[in-house]
Amino acid sequence: MEERYGRLVDRILFKSIKGSKSLESLWWRDIMKIGDDNDDAGFIQNLAIKLGDGGCVPFWTKRWLGSRPFCLLFPLLFQVLEGNEVSMQSMGRWENNRWVWNLAEMEVELSLEASVELEELKEIPLGIEPRKNEHDNFVWPLNEDGVFNVSSCYKKLMQGRADRVAEPRRMGARSLEAAQILWELRMPSKVKIFGWRLIQDRLATKSQLIKRGILEQNDAACCVFGCSQIEDIQHLFINCAVLRRLWGSIYDWLGIAYPVGSDCISNFLHMLNSLRFKCSRKRVGCIWMATCWLIWKQRNDIIFNNVVADMDEILHSVKMLSWWWLEIGNNRKVLCNFYEWSHCPLEYM
């Protein structure tokens, strides 16, 4: 069979054909035509790769991590790169027998939307790594044994067609209000992008990674702050019992009541509205965003660097970072010193 038709992995990964076209299997040729390049319900798009050395595995267009290829998860970023495919092997390197990913080369001139997708890609825990001296190969993940059959392919194709007719999600009125306020805040652009993703629930939380098929729903999907709940956007930033104490300290610092049981957008707008007659909402918004930004950084440090969470340190960092942003936003004219800010913030907002 291999002598007559060539290896399936060669045909799909390399797009090469061994021998003349007349010797191809018509049955396999028709199977591989199911779906198109933009159809994630097609045959080729649903083959999973059993990773070897990664030299033959396209980083963008083949499904090697999760349930969809990266060109579909991050279409704008892939478009900016002009659809230039690269192998997995070229996206990293071996250092002291440890594989290290290198995504820095993609930091070219990007639109806001493409920058958002790049940040999402960087935050995905790419725990998989190539295996030296092993060949790349395929499995069919829609069956437990990894072997292809027509029935499972047909079901996936029908499901994909149903999904495409679903109405896309639109930004609600409260989300739009929060986003408009967000862009007015005087803080680094990367934090504004982070805030926009937070409002849109587009951060790479564990619940989002489960939806994308990148992470399985098990103990590893729980909140990293130790409260055994699934980590979604609302839990991580608002409802986590550990972080609720941090928020309580922030609200006490500002002299306002903490809104129990709210979601992210409601929490943001509540802080702004509670102080609307006392100070600028741009300055209050910077404090809220500094808190969320540092929670996210702490969460990533726990996952990727095995650090231990320290709520007192985060609280101090929120005060320091918000003070620094406001000093820069005030054209470096001294608003107050940090000691004054950390004890009586409302007097200087």
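Treat the numbers as computed from the prediction; the structure is a model and nothing was measured.

Secondary structure summary: the chain contains 16 helices and four strands in total. Within the chain, buried positions represent 47% of all 349 residues. Intrachain contacts of the chain at a sequence separation of at least 6 include 61% that bridge at least 24 residues. Looking at the chain as shown, the accessible area adds up to about 18900 Å², and 50% of this sits on carbon and sulfur atoms.

Let us look at the pairing of strand 2 (residues 92-95). As paired strands, strand 2 and strand 3 (residues 98-101) are joined by four bridges and run antiparallel to one another. Across the sheet, W94 pairs through a bridge with W99, a residue of strand 3. Linking two consecutive strands that pair antiparallel, namely strand 2 and strand 3, is a turn of two residues; a positive phi of about 55° is found at N96 within it.

The next subject is the environment of Q217. Relative to the helices and strands, Q217 resides in the loop between helix 10 (206-211) and helix 11 (233-239). Along the primary structure Q217 and K206 are separated by eleven residues, whereas in three dimensions their C-alpha atoms are 8.7 Å apart.

Turning next to the environment of L243. With respect to the secondary-structure elements, L243 resides in helix 12 (residues 241-254). When the C-alpha positions of L243 and F225 are compared, they lie 8.0 Å apart, and in sequence the two are 18 residues distant. Those residues within four positions of L243 in sequence are excluded, and the remaining contacts are F225, L236, I295 and M311.

Rules used throughout
Residues numbered from 1 in each chain as written. Predicted model: local features only at pLDDT ≥ 70, side-chain atom pairs only at ≥ 80, totals over all residues. Heavy atoms only, no water. Helix = DSSP H or I, 4+ residues; strand = E, 2+ residues; numbered from the N terminus. Buried < 20%, exposed > 50% of the residue type's maximum accessible area, 1.4 Å probe, protein only. Contact = heavy atoms within 4.5 Å. Areas by Shrake-Rupley, 256 points an atom, 1.4 Å probe, with all protein chains shown as cover. Pairing = 2+ DSSP bridges.

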